[in-house]
Amino acid sequence: MLSALILRERGIRVVPVCFFSYFFNCDKAHSAARELGLELKKIDFSREHLKMVKNPRYGRGSGMNPCVDCHLLMLKKSRQTMKKEGCDFVVTGEVLGQRPFSQNRGALELMERKAGLKGMIVRPLSVKLLPETIPEKKGLIKREWFYDIMGKSRKPQLALAKRFKIKNIPMPAGGCILTDSVFSRRLRELFQLKKNFSGSDIELMKSGRVFFKNNLLIIVARNEAECKELIKKRKKGDLVLEPSFFPGPTVLVRRIKKSSPQEMIDCGTELLLEYSKNVPEDAVIRILPFPKSC
């Protein structure tokens, strides 16, 4: 938001771009663009991103987050958008040293070079601490317009936000579920059992409690909304169980490797009963039929 406002203050046209995948969305970016009166371009790179997550070239952070590879992929896509929109350079809100893994000098220089954007990325918040860019050399922008912010403190950014009268200041967290320790642990388990896991598997894992048992991926809904989500996200071959006339969760069972229908029923039923309340002795569990239209 700050980078866009800094440039717009100087009369420079800004085209905001956000990428979304199975692991993060554009909700925060959409709210930010709306507050600034800008039209956000949303780019779905889910398949490419998933492929990269499975085999990152530059390693991972504390979770399953391949931040350098992820940012590099975004920059490559941004380069394409830059050309398509007739823009002169790419701008990011990165701050030197804010994120030690992906925003150190070496990582920033590496991403520029690998993305084919050497000297073409302007980082308004830290321009004065970084090498001169091509847009500066061409006279499109001036170094004195920008800042020398560095490190993890947000005080300089908050002061700028006050100057620009930004009403809704977003939290610093990026919203990527790959940084979540619990989800990362589950994803590692899935990766060990099924290296060619799909986006559908990831969508399921975001929809409830995750269990791996007898070569099965089992999801237990935590609330009514997740119960509905599991039913929507099932695919052919999945088993969906629901309690009849007693309070309990919807459970979805998906084969990872070869498993019998009875194993699927038994494992799903066991977890459904474990997370149910006031289960009667003659409890009945319903197996939802798969829609013919699917």
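Attention in this report is confined to the structure presented alongside it. (Residues numbered from 1 in each chain as written. Predicted model: local features only at pLDDT ≥ 70, side-chain atom pairs only at ≥ 80, totals over all residues. Heavy atoms only, no water.)

## Some details on helix α7 (residues 155-163)
The complete set of buried residues in α7 reads Q157, L160 and A161. The buried residues of α7 occupy one face: seen down the axis, they fall within an arc of 105 degrees. Turned more than 90 degrees away from the buried face of α7 sit K155 and K162, all of them exposed. Those residues of α7 that are buried are in contact with α1 (2-9). (Buried < 20%, exposed > 50% of the residue type's maximum accessible area, 1.4 Å probe, protein only. Helix = DSSP H or I, 4+ residues; strand = E, 2+ residues; numbered from the N terminus. Arc of directions from axis to C-beta. Contact = heavy atoms within 4.5 Å.)

## Considerations on the state of the cysteines
What the rule picks out here adds up to zero disulfides. Of all cysteine sulfurs in the structure, the one in C176 sits closest to C67, which takes part in no disulfide; the separation is 6.8 Å. (Disulfide = S-S within 2.5 Å.)

## Examining the pattern of salt bridges
All chains considered together, the criterion is met by 20 salt bridges. Among the salt bridges present, the one from R123 reaches E112, with a minimum N-O distance of 2.8 Å. Taken as a pair, R123 in the loop between β4 (121-122) and α6 (134-137) and E112 in helix α5 (residues 105-114) lie far apart in primary sequence, 11 residues in all. Just as R123 is buried, E112 falls in that class too. (Salt bridge = Lys/Arg side-chain N within 4 Å of Asp/Glu carboxyl O.)

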